[in-house]
Amino acid sequence: MAVRTILHYPDPRLREKARPVEKVTPEIVKLTEDMAETMYAAPGVGLAATQIGERHRIFVIDIAGDDEPSELQVFINPEILERSGEIVWDEGCLSFPTVVEEITRAAKVKVRALDAKGASFELEAEGLLAVAIQHETDHLDGVLMIDKMGMLKKRMVDRKMRKRAADRPRSAST
Ligand code: NI
């Protein structure tokens with residue numbers, strides 16, 4: 001397993017749309033393991049393959065708290081089947097270091113995906129898990145949290161991230 005480099009906004013690769021996984025091969029399993037290790041090292045509650053420059057429809061999530069046993073969930077080819085309600089959450093993103101902003105999303109979702117063994121499962125989620133599933137699914141379509149912000153916040157975050165990238169030219173490759 002290996003900790004991979006997380007791409008930061010405004011890296012254009014974050015805007016690429018990921019392709020469906022045709023078969024859960026050993027290489028795909030290895031990628032999910034790298035993604036989990038990268039997420040835990042960050043640390044973060046979720047990571048999409050797009051964020052490490054891999055164009056596969058895969059994300060990993062672990063919303064367990066610091067003093068709880070880890071609960072890794074792997075989603076391959078996720079599809080959100082149902083959304084209901086509305087929730088406002090203070091969201092962060094490993095591709096937007098130091099940024100935390102209120103984002104409005106569906107309060108509950110039903111999702112279908114394959115697990116790391118290639119078995120199909122369905123899951124109903126609410127709260128943080130529902131937010132994370134929507135956030136990570138967006139990543140696979142090249143959609144970022146900044147796209148969900150109002151115009152003023154969007155401009156502020158864009159400026160802050162571009163300044164950060166200019167100040168730390170090597171941050172995207174470390
Ligand atoms: Ni993110």
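Numbers given for residues are sequential positions, taken from 1 along each chain in its written order. With pLDDT at 70 or above as the cut-off, local features in this predicted model cover only qualifying residues; side-chain atom pairs require 80 or more to be listed or tallied, and sums for whole chains, interfaces and linings still use all residues. Note that the side-chain values use all heavy atoms of the structure and ignore hydrogens as well as water.

Description of the coordination of the nickel ion
(1) Moving on: Taken together, the protein donors to the nickel ion comprise Cys93 (SG), His135 (NE2) and His139 (NE2), at separations of 2.1 to 2.2 Å.
(2) Moving on: Only N, O and S atoms count as donors, using a 2.8 Å cut-off from the metal and 3.2 Å for Na, K and Ca, and because water is excluded some sites may appear unfinished. Coordination of the nickel ion draws on donor residues from a single chain, spaced C-x41-H-x3-H in sequence. Residue Cys93 is found in the loop between β4 (87-91) and β5 (101-105), and its partner His139 is found in helix α2 (residues 127-140); the two are separated by 46 residues along the sequence. Accessibility classification places Cys93 together with His139 in one group, the buried group. Counting from the N terminus, the helices are the DSSP runs of H or I reaching at least four residues and the strands are the DSSP runs of E reaching at least two. Accessible area is worked out with a 1.4 Å probe on protein chains only. A residue is then buried under 20% of its type maximum, exposed over 50%, and partly exposed in between.

Examining the layout of surface pockets
(1) Moving on: Put simply, the grid is 1 Å and covers the protein atoms alone, a cavity is a trapped set of points that fit a 1.4 Å probe, a pocket is an open set with protein on both sides within 12 Å along at least five of seven lines, and lining residues have an atom within 4 Å of a point. Grid points are joined across faces, edges and corners, and a volume is the space filled by probe spheres set on the points. Counted as a void, the largest pocket has a volume near 240 Å³.
(2) Moving on: Lining the largest pocket are 16 residues, and of these Val45, Gly46, Gly92, Cys93 and His135 sit closest to its centre.
(3) Moving on: Residue assignment for the lining of the largest pocket shows that the elements contributing at least two residues are β4 and α2.
(4) Moving on: No other element matches α2, which puts 6 residues into the lining of the largest pocket.
(5) Moving on: Three categories are distinguished: nonpolar for Ala, Val, Leu, Ile, Met, Phe, Trp, Tyr, Cys and Pro, charged for Asp, Glu, Lys and Arg, and polar for the others, with Gly belonging to the last. Residue composition of the lining of the largest pocket, by class: 7 nonpolar, 6 polar and 3 charged.
(6) Moving on: As a volume, the second largest pocket reaches approximately 180 Å³.
(7) Moving on: Around the second largest pocket, the lining residues are Tyr40, Pro43, Gly44, Val45, Asp62, Ala64, Gly65, Asp66, Glu68, Pro69 and Ser70.
(8) Moving on: Per-class residue counts for the lining of the second largest pocket are 5 nonpolar, 3 polar and 3 charged.

Things to note about the sheet that holds strand β7 (residues 120-126)
Strands belonging to one sheet form pairs held by backbone hydrogen bonds; the direction of such a pair is parallel or antiparallel.
(1) Moving on: With antiparallel pairing, the 5 strands of this open sheet are ordered in space as β1-β2-β3-β6-β7. In the strand order of this sheet, the two ends are held by β1 (46-48) and β7, each with one partner. Averaged over all neighbouring strand pairs, the angle between strand axes comes to 40°, with direction disregarded.
(2) Moving on: Where strand β6 (residues 108-114) and β7 come together, 7 bridges link them in antiparallel fashion. Directly across from Val111, in β7, lies its bridge partner Leu123. For two strands to pair, DSSP has to find at least two bridges joining them. To get an axis, fit a line to the C-alpha atoms, keeping to the stretch in contact for a helix; angles then go from 0 to 180 degrees between the N-to-C directions.

Describing unusual backbone geometry
(1) Moving on: Going from Tyr9 to Pro10, the amide bond is cis rather than trans, its omega being 10°.
(2) Moving on: Along the chain, the position of Pro10 falls in the segment before α1 (26-41).
(3) Moving on: Backbone torsion omega between Ala42 and Pro43 reads -10°, so that peptide bond is classified as cis.
(4) Moving on: By secondary structure assignment, the location of Pro43 is in the loop between α1 and β1.
(5) Moving on: Here the phi dihedral of Asn77 falls at roughly 50°; this positive angle occurs in a residue that is not glycine.
(6) Moving on: Considering the arrangement of structural elements, one finds Asn77 in strand β3 (residues 73-84).

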